[in-house]
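Reading the structure
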Amino acid sequence: MLGLPDDIRAFLFDLDGVLTQTATVHAAAWKDTFDNFLRAEAARTGGPFTPFDAVADYDAYVDGRPRLDGTRAFLDSRGIELPEGTDTDPPGTRTVQGISRAKNDTVLRMIREQGVAPYRGSVDYVRRLRALGLPTAVVSSSANCRDVLRAAGIEGYFDVIVDGLVATRDGLPGKPAPDTYLAAARALGVEPAHAAVFEDALAGVASGRAGGFGAVVGVDRVGQAAELRRDGATVVVQDLAELIPDPGPQAPGKPEETPA
Ligand SMILES: [Mg+2]
């Protein structure tokens, strides 16, 4: 079915980096936020300033995860322990919540300034699924998922949305746990074995594997095909357009009729 095994009947898409070109915006916002924090820490402790790596650190610790989990995972990688704080901490407060809030403010500002572009190949793929009457869902850790879908003009293509707000409301652990993807499959009435997960993040393909999904499509936007396979992808593509079957040679045109 559209480049996947025939028994796949439902299609579950990550948002940032799969449907929309927003993974790079998130990486830039995390870098801005963590570098501000790390520079202040270096000044405070007299230690060296080692900046956030927008590729290696982003992929390993924050991409695909709920925001607070990402903040904790990166700080942990640097051996930094901060108080949790509360969701009323002003952005930039020296707490997990304060840093996370600064990142969210930054990403929202960047999205406002730059707009949101969907990936053309992903939009074509989802349109074909819809034309075949196949069910689709978006499964994103983002709390801004609906706004981003709307800004990209693709909100109407999905039957179910499981985003960061739904996960918080329903107490679902975020990626790499499989729970948000499993909730989407359940909402579509399809067993995981008959559903496909589309993910660009290492944490995301890991949740596809952990959920026992019938196909886990790793979408490799940054040259990490081997890592995507290692962590759970059963197929790796650079763009969803690669899954759209070749229409084949055009039927030969009818010779023009010459009026008698
Ligand atoms: Mg993603």
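Up top you'll find the structure we're talking about.
In this text, all values refer to a predicted model and were calculated from it rather than measured experimentally. (Residues numbered from 1 in each chain as written. Predicted model: local features only at pLDDT ≥ 70, side-chain atom pairs only at ≥ 80, totals over all residues. Heavy atoms only, no water.)

1. Considerations on the side chain of Asp163
For clarity, the cut-off: Numbering goes from the N terminus for both helices and strands, where a helix is a DSSP run of H or I of at least four residues and a strand is a run of E of at least two. Classification of residues uses two cut-offs on accessible area relative to the type maximum, computed with a 1.4 Å probe and protein chains only: under 20% is buried, over 50% is exposed, and between them is partly exposed. Here the positive residues are Lys and Arg and the negative ones are Asp and Glu; neither His nor the chain ends is included. Salt bridge, as applied in this entry: a Lys or Arg side-chain nitrogen positioned within 4 Å of an Asp or Glu carboxyl oxygen. A 3.5 Å cut-off defines polar contacts: any pair of N or O atoms within that distance qualifies, except that in protein one atom must be a possible hydrogen donor and the other a possible acceptor, and neighbouring residues in sequence count only when both atoms are side-chain atoms. The contact criterion used is simple: two residues touch if any of their non-hydrogen atoms lie within 4.5 Å.
Position of Asp163 among the secondary structure elements: in the loop between β3 (160-162) and α7 (164-170). It turns out Asp163 is buried and unbridged, and the closest side chain with the opposite charge, Arg146, is 4.7 Å from it. Within the structure, the side chain of Asp163 is placed 3.1 Å from the backbone nitrogen of Leu165, a separation counted as a polar contact. Setting aside residues no more than four positions away along its own chain, Asp163 makes contact with Ser140, Ser142, Cys145 and Arg146.

2. Here we look at helix α9 (residues 202-210)
Inspection of α9 places Leu202, Ala203, Gly204, Val205, Ser207 and Gly208 among the buried residues, and these make up the whole buried set. If you follow the buried residues of α9, they end up packed against α2 (56-62), α8 (179-188), β4 (195-199), β5 (215-219) and α10 (225-231).

3. A few points about the coordination of the magnesium ion
This is how the line gets drawn: As a rule, N, O and S atoms within 2.8 Å of a metal are its donors, except that Na, K and Ca use 3.2 Å; water is not among the atoms, so sites may look incomplete.
Coordination of the magnesium ion by the protein involves Asp14 (OD), Asp16 (O) and Asp200 (OD), with metal-donor separations of 2.1 to 2.2 Å. Counting along the primary sequence, the residues that act as donors to the magnesium ion give the motif D-x1-D-x183-D. For the pair Asp14 and Asp16, a shared accessibility class is recorded, and that class is buried.

4. Some points on the packing of helix α1 (residues 23-45) against helix α3 (residues 67-77)
Each pair of packed helices can be described by the angle between their axes along with the distance between the axes. Let me state the cut-off plainly: Between the N-to-C directions of two axes lies an angle of 0 to 180 degrees, each axis being a line fitted to C-alpha atoms and, for a helix, fitted only over the stretch in contact. Each angle is binned into one of four classes, with values under 35 degrees roughly parallel, values over 145 roughly antiparallel, values of 65 to 115 roughly perpendicular, and all other values oblique. Left-handed is the label given to a crossing in which the near helix is rotated counterclockwise from the far helix by less than a right angle, and right-handed is the label when the rotation is clockwise. In this classification, Asp, Glu, Lys and Arg are treated as charged, Ala, Val, Leu, Ile, Met, Phe, Trp, Tyr, Cys and Pro as nonpolar, and every other residue, Gly included, as polar.
Two numbers describe how α1 lies on α3: the axes approach to 13 Å, and their chain directions differ by 45°. Taken together, the axis directions place α1 and α3 in an arrangement best described as oblique. Like other packed secondary-structure pairs, α1 and α3 cross with a definite hand, here right-handed. Residues Trp30, Phe34, Phe37 and Leu38 of α1 lie in contact with α3, whose contacting residues are Arg67, Gly70, Thr71, Phe74 and Leu75. Residue composition of the contact of α1 with α3, by class: six nonpolar, two polar and one charged.

5. Things to note about the environment of Gln21
By secondary structure assignment, the location of Gln21 is in the loop between β1 (10-13) and α1. Take Gln21: its relative accessible area is 37%, and that puts it in the partly exposed class. C-alpha separation for the pair Gln21 and Leu68, spaced 47 residues apart in sequence, amounts to 22 Å. Residue contacts for Gln21: discarding those within four places in its chain leaves Ala117, Pro118 and Tyr119. Within polar-contact distance, the side chain of Gln21 engages the backbone oxygen of Pro118 at 3.2 Å.

6. Notes on the pattern of salt bridges
For the coordinates displayed, the defined rule picks out 16 salt bridges. In this structure, Arg146 engages Glu155 in a salt bridge whose closest nitrogen and oxygen atoms are separated by 3.7 Å. Salt bridges here are not isolated pairs; linked through shared partners, they connect Arg146, Asp147, Arg150 and Glu155.

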